[in-house]
Amino acid sequence: MGLDRPYHIPEQQQPHQQSQSQQLSSQIYVEDSHLGSGQRAPPYWQFLLMSSCAGALAGVTSAVLTNPMDVVKTRLQTNIRNAERNESGRKVGGTRRVGSIRMIFNEFLLLYREEGLNGFKRGVGARAANTVPVSMLMVTSYELVRRLSTM
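Everything numeric here is computed off the predicted structure, so don't read it as measured data.

Rules used throughout
- Residues numbered from 1 in each chain as written.
- Predicted model: local features only at pLDDT ≥ 70, side-chain atom pairs only at ≥ 80, totals over all residues.
- Heavy atoms only, no water.
- Helix = DSSP H or I, 4+ residues; strand = E, 2+ residues; numbered from the N terminus.
- Buried < 20%, exposed > 50% of the residue type's maximum accessible area, 1.4 Å probe, protein only.
- Contact = heavy atoms within 4.5 Å.
- Areas by Shrake-Rupley, 256 points an atom, 1.4 Å probe, with all protein chains shown as cover.
- Polar contact = N/O pair within 3.5 Å; in protein donor to acceptor, adjacent residues only side chain to side chain.
- Expected span 1.5 Å × (residues − 1).
- Arc of directions from axis to C-beta.
- pLDDT = per-residue confidence, 0-100.
- Salt bridge = Lys/Arg side-chain N within 4 Å of Asp/Glu carboxyl O.

Undergrad: Sorry, what's going on with the overall build of the protein chain here?
TA: Secondary structure summary: the protein chain contains four helices and zero strands in total. Tracing the protein chain from N to C terminus, the helices and strands come up as α-α-α-α. Looking at the 151 residues of the protein chain, the share that counts as buried comes to 20%. A fraction of 65% describes how many contacts in the protein chain between residues 6 or more apart in sequence connect residues 24 or more apart. Of the roughly 11,700 Å² that the protein chain leaves accessible, carbon and sulfur atoms contribute 59%.

Undergrad: Sorry if this is basic, but what is going on with the environment of S141 here?
TA: When you line up the elements, S141 lands in helix α4 (residues 124-149). For the pair S141 and S51, spaced 90 residues apart in the sequence, the C-alpha separation amounts to 8.6 Å. At a separation of 3.1 Å, a polar atom in the side chain of S141 contacts the main-chain carbonyl oxygen of M138.

Undergrad: I tried to follow helix α3 (residues 101-115) on my own but got confused; where do I start?
TA: The α-helix advances 3.6 residues per turn, and as a result positions three or four apart in sequence lie on the same side. Taking 1.5 Å per residue as the helical rise, α3 with its 15 residues ought to reach 21 Å, and the 21 Å between its terminal C-alpha atoms agrees with that figure. Listed as buried for α3 are M103, E107 and L111. Seen along its axis, α3 keeps its buried residues to an arc of 75°; they face one direction. Of the exposed residues in α3, those oriented more than 90 degrees away from the buried face are I101, R102, F105 and R113. Once α3 finishes, G116 follows within two positions and takes phi at roughly 75°, a positive value.

Undergrad: Is there a simple way to think about the confidence of the model for the protein chain in this case?
TA: Caution applies to low-pLDDT regions: their predicted coordinates should not be interpreted in detail. Put simply, the protein chain has an average pLDDT of 76, and 59% of its residues get 70 or more. No element of the protein chain has a lower mean pLDDT than helix α1 (residues 20-27), which averages 49, and none a higher one than α4, which averages 92. Contacts from residues 23-32, a stretch scored under 50 in pLDDT, to residues over four places away or in other chains number 20 contacts.

Undergrad: Can you walk me through α4 in this structure?
TA: For α4, spanning 26 residues, the distance from its first C-alpha to its last is 36 Å, which sits close to the expected 38 Å at 1.5 Å a residue. Looking only at α4, the buried set comprises A128, T131, V132, S135, T140 and R147.

Undergrad: What am I meant to see in the pattern of salt bridges here?
TA: Opposite charge on two side chains makes pairing possible when the charged atoms of those side chains draw close. Taken as a whole and assessed by the stated rule, the structure comprises seven salt bridges. For D70, the salt bridge identified is with K73, shortest N-O distance 3.5 Å. Highlighted residues: D70 and K73, both in helix α2 (residues 44-83), separated by three residues, approximately one helical turn. Note on D70: relative accessible area 24%, which makes it partly exposed. You can call K73 partly exposed: its relative accessible area is 39%. A salt bridge links R75 to E114; the nearest nitrogen and oxygen atoms lie 3.1 Å apart. Taken together, the residues span a long stretch of sequence, with R75 in helix α2 and E114 in helix α3 at a distance of 39 residues. Here the residues in one salt-bridge network are R75, E107, E114, E115 and R122, joined through shared partners.

Written as structure tokens, this is what we have:
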């Protein structure tokens, strides 16, 4: 057989013709080492969608759970800056001990007394808008690199 002629498969030995979508879906399946034998990982688009949703859920969860501490931190920072200035707006000397547990706890109580539970939710939308894309990207890229490294 010469190299210039294409290889011919007899009719009875030709593989079953698949549609283009079947060919693509069979090509994008990858074997995953953490799955049991005989199981295949989901296609990449499904895997990326699942990872992105998991990252978004993680970002929202972290934003909601840590937002009260961020509100108190911001209030403490603005109170300290305001306490260091006198009525004319000039800086006043002296330092205040920042970060004492009692001071933080008192600020939590003061916020609750002044604004109730709604005070702790202040700014959660902006915080979630910041953390959700970052978490989506981080989780998706981690999972993608992990899968590619086990191939």
